[in-house]
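Close look at the chain arrangement
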Amino acid sequence: MISGAQNIFKIPELKRRILITFLFLAIYRIGVHIPTPGINGDALASFFAQAKGTLFELFGMFSGGGMERLSVFALGIMPYITASIILQLLTMVIPYLERLQKEGEIGRKKIVQYTRYGTVILSMIQGFGIAAGLEGISQGGQPVVLLPGWSFRIMTVITLTAGTAFIMWLGEQITERGIGNGISLIIFAGIVARMPTAVASTYEYFKVGQMGIITVLVLILLMVLVVAVIIFVETGQRRLPVQYAKRIVGRRVYGGQSTHLPLKLNTSGVIPPIFASSILVFPLTIVRLLPKPLLDAHPWIQSVLQNFGPSALLYNLIYVGLIFFFCYFYTAVTFNPNDVAENMKKFGGYIPGIRPGQKTAEYIDKVLTRITLGGAIYVSAICVLPTILYSRFHVSFYFGGTSLLIVVGVALDTVNQIEAHMLTRHYEGLMKKGRLKGRRG
């Protein structure tokens, strides 16, 4: 692996792409520390310290810490992700978007353009909501917004929208000129940037005696085990054998070869836990923003805080249920067995023992349903892991949940792309024997 890593810098194009990627990610991390004008930094930091388990914490994860500082990149890449998901869902109900999706590169560019417009609109709405919401918040008698009013709101909307548009541009530049998926790498960089703080806090627990050496060793061993499980599942595939019949066109014979249809074990990726978290933490976020006299006058509101906290049993049961629902829902949206079966039939392909057409679609759907069940169990276990660790070891374990799925998934994708660049130029890959490819299911 060491010799393979050394070969990276022997390929000028790959070396240039990696350096460009690091440069753009460095620019992004610098922007995260540039605050929006008109904000009391100390009061804002105190507010976010009490906002654990709310939408603000979720936004903070995707903004790489920009939300806690209300930096120019406070919204992060979330508006782009939301716009992409909305466009993806709309292709099911709007025939025009469905046609664009099937038009190849031209249609894809159109959809990307619509996603950009949607990102700007969502950024403006979210920016205005954040500006208006912060004006009514004070911590320790100090207002979060120094000079509230329409001038602050307009300035904040422009600043945050421009910041998100710039991050979107950075992501596209990394995808085009760098290595890996730019948007995913930006999220990856934001999550990894928090790693030193998490390690330092764990060390402090150990230093003051709240954690013993055995507990630390168990955490390290569990961390390695969980990462190994994620790599195993994310690279796993269920391969359906496909046979193509021979076709004679003029004097040439086409087809006749055997191949396979790969189905990922976790088809839906990290979308289900993101959706589930957003829905669950929404009530908690609303309650956190209510004035204290109102909370004291209505005790039932306190019960909402207790039952919908991340460590509550009810919260985790509903969380797992929502993950299962969105795993099946998002898989149904992104993968259409009927289209796959029709394309196979059109080119003379068939699954041995299964009739082409509707029977093939039903078989693929049956296999996909079983795979999705395993994927939902796997995603739920990874996402509930931080709660178990916190309740058992009384420590906020960094490697767990949605963030861990994103970090490992993006790392695997980036390593695979580097491997592809090296192997196409006849260099030894990063892995000598075990390639990071899908395994047979």
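Residues numbered from 1 in each chain as written. Predicted model: local features only at pLDDT ≥ 70, side-chain atom pairs only at ≥ 80, totals over all residues. Heavy atoms only, no water.

A word on the overall build of the protein chain
Secondary structure summary: the protein chain contains 19 helices and 7 strands in total. For the protein chain, the residues scored as buried account for 44% of the 441 residues in total. Nonlocal contacts in the protein chain, meaning residues at least 24 apart in sequence, comprise 71% of its contacts between residues at least 6 apart. Accessible surface for the protein chain amounts to roughly 23,500 Å². Of this, 66% is attributable to carbon and sulfur atoms. (Helix = DSSP H or I, 4+ residues; strand = E, 2+ residues; numbered from the N terminus. Buried < 20%, exposed > 50% of the residue type's maximum accessible area, 1.4 Å probe, protein only. Contact = heavy atoms within 4.5 Å. Areas by Shrake-Rupley, 256 points an atom, 1.4 Å probe, with all protein chains shown as cover.)

Here we look at the packing of helix H2 (residues 12–32) against helix H19 (residues 401–424)
It is at 10 Å that the axes of H2 and H19 come closest, and there the two elements cross at 160°. With respect to each other, H2 and H19 are oriented roughly antiparallel. As for how H2 packs across H19, the hand of that crossing is right-handed. Two secondary-structure elements touch here, H2 through Glu-13, Leu-14, Arg-17 and Ile-18 and H19 through Ile-418, His-421 and Met-422. Residues that form the contact of H2 with H19 fall into these classes: 4 nonpolar, 1 polar and 2 charged. (Axes fitted to C-alpha atoms, helices over the stretch in contact; angles between N-to-C directions. Parallel < 35°, antiparallel > 145°, perpendicular 65-115°, else oblique. Left-handed = near helix turned anticlockwise from the far one by under 90°. Nonpolar A, V, L, I, M, F, W, Y, C, P; charged D, E, K, R; others polar.)

Let's talk about the sheet that holds strand S7 (residues 349–350)
With respect to topology, 3 strands assemble into an open sheet ordered S6-S3-S7, the strand pairing being antiparallel. Looking at strand neighbours, the two that pair on one side only are strand S6 (258–264) and S7, the edges of this open sheet. Sheet analysis places strand S3 (residues 237–244) next to S6, joined by 7 bridges and oriented antiparallel. Note on S6: the bridge partner recorded for Arg-238 is Leu-263. (Pairing = 2+ DSSP bridges.)

Let's talk about a nonpolar patch on the surface
The grouping of Tyr-203, Phe-206, Ile-213, Ile-214, Leu-217, Val-218, Ile-220 and Val-224 at the surface amounts to a nonpolar patch, some 750 Å² of accessible area in total. Of all the secondary-structure elements, those providing two or more residues to the nonpolar patch are helix H11 (195–207) and helix H12 (213–234). Broken down by element, the nonpolar patch gets its largest block of residues, 6 residues, from H12. Mapped onto the elements of the fold, Val-218 is located in helix H12. (Patch = residues over 30% accessible without salt bridge, like charges linked within 9 Å, V, L, I, M, F, W, Y side chains within 5 Å. Salt bridge = Lys/Arg side-chain N within 4 Å of Asp/Glu carboxyl O.)

A closer look at the pattern of salt bridges
For the structure on display, the rule yields 5 salt bridges. Across the pair Arg-116 and Glu-172 runs a salt bridge, and its minimum N-O distance is 3.0 Å. Taken together, the residues span a long stretch of sequence, with Arg-116 in helix H8 (residues 105–135) and Glu-172 in helix H9 (residues 150–177) at a distance of 56 residues. Exposure remark for Arg-116: the relative accessible area of 28% places this residue in the partly exposed category. Two residues, Arg-153 and Glu-135, come together in a salt bridge whose shortest N-O distance is 2.8 Å. Within this pair, whereas Arg-153 is found in helix H9, its partner Glu-135 is found in helix H8, the two being separated by 18 residues in sequence.

So, empty space enclosed by the protein
Inspection of the entire model under this criterion finds 1 cavity of 30 Å³ or more. Roughly 40 Å³ of internal volume is contained in the largest cavity. Around the largest cavity sit Leu-265, Asn-266, Thr-267, Ser-268, Cys-327, Thr-331, Thr-372, Gly-375 and Ala-376, which together line it. Mapped onto the lining of the largest cavity, the elements with two or more residues apiece are helix H16 (313–334) and helix H18 (358–393). By residue number, the principal contributor to the lining of the largest cavity is H18, which donates 3 residues. For the lining of the largest cavity, the residue count by class is 3 nonpolar, 6 polar and no charged. (1 Å grid on protein atoms, 1.4 Å probe; cavity = no way out; pocket = protein on both sides within 12 Å on 5 of 7 lines; lining within 4 Å. Points joined across faces, edges and corners; volume = space filled by probe spheres on them.)

Points about the nonpolar core
Judged by nonpolar contacts, the single largest core of 76 residues is most densely connected at Phe-62, Leu-134 and Ile-230. Once you skip the residues sitting within four places of it in the chain, Phe-62 turns out to touch Tyr-28, Gly-76, Ile-77, Met-78, Ile-81, Ile-187, Ile-274 and Ile-406. (Core = buried A, V, L, I, M, F, W, Y, C linked by side-chain atoms within 4.5 Å.)

A look at the confidence of the model for the protein chain
Averaged over every residue, the pLDDT of the protein chain is 80; residues scoring 70 or more account for 82%. Per-residue pLDDT, averaged within each element of the protein chain, yields its smallest value for helix H1 (residues 2–7) (58) and its largest for H9 (92). (pLDDT = per-residue confidence, 0-100.)

Details of the packing of aromatic side chains
In total, this model carries 9 aromatic pairs according to the counting rule given. Both rings, one in Phe-275 and one in Phe-326, keep their centres 5.2 Å apart while their planes meet at 90°; by these two values the pair is edge-to-face. Of the two residues, Phe-275 is situated in helix H13 (residues 271–289) and Phe-326 in helix H16; the sequence distance between them amounts to 51 residues. Like Phe-275, the residue Phe-326 is buried in the burial classification. Following the ring pairs from residue to residue traces out a cluster consisting of Phe-24, Tyr-28, Phe-73, Phe-166 and Trp-169. Looking at Arg-153, its charged tip hangs above the ring of Trp-150, at a distance of 4.8 Å from the centre. (Phe/Tyr/Trp six-rings, centres within 6.5 Å; stacked < 30°, edge-to-face > 60°. Lys NZ or Arg CZ within 6 Å of the ring centre and 35° of its normal.)

Let's talk about the pairing of S3
Note: S3 against S7, 2 bridges, orientation antiparallel. Of the residues in S7, the one forming a bridge with Gln-243 is Tyr-350.

Let's talk about the side chain of Gln-173
With respect to the secondary-structure elements, Gln-173 resides in helix H9. In this structure Gln-173 touches Phe-24 and Gly-178, once residues within four positions along its chain are discounted.

Regarding the side chain of Thr-115
Among the secondary structure elements, Thr-115 is positioned in helix H8. A distance of 2.8 Å separates a polar side-chain atom of Thr-115 from the backbone oxygen of Ile-111. Once you skip the residues sitting within four places of it in the chain, Thr-115 turns out to touch Tyr-80, Ala-83, Ser-84 and Leu-87. (Polar contact = N/O pair within 3.5 Å; in protein donor to acceptor, adjacent residues only side chain to side chain.)

Considerations on the state of the cysteines
Put plainly, two cysteines are in a disulfide when a covalent bond ties their sulfur atoms together. Here the structure, examined in full by the defined rule, presents 0 disulfides. There is no disulfide at Cys-383, and the cysteine sulfur nearest it, in Cys-327, is 8.7 Å away. (Disulfide = S-S within 2.5 Å.)

Re the packing of helix H10 (residues 182–192) against H19
Orientation of H10 relative to H19, taken along the N-to-C sense of each, is 130°, at an axis distance of 9 Å. One way to sum up the angle between H10 and H19 is to call them oblique. Here the hand of the crossing between H10 and H19 comes out left-handed. Residues Ser-184, Leu-185, Ile-187, Phe-188, Ile-191 and Val-192 of H10 touch H19, and the partners they reach there are Ser-403, Ile-406, Val-407, Val-410, Ala-411 and Thr-414. Residue classes in the contact of H10 with H19 are distributed as 9 nonpolar, 3 polar and no charged.

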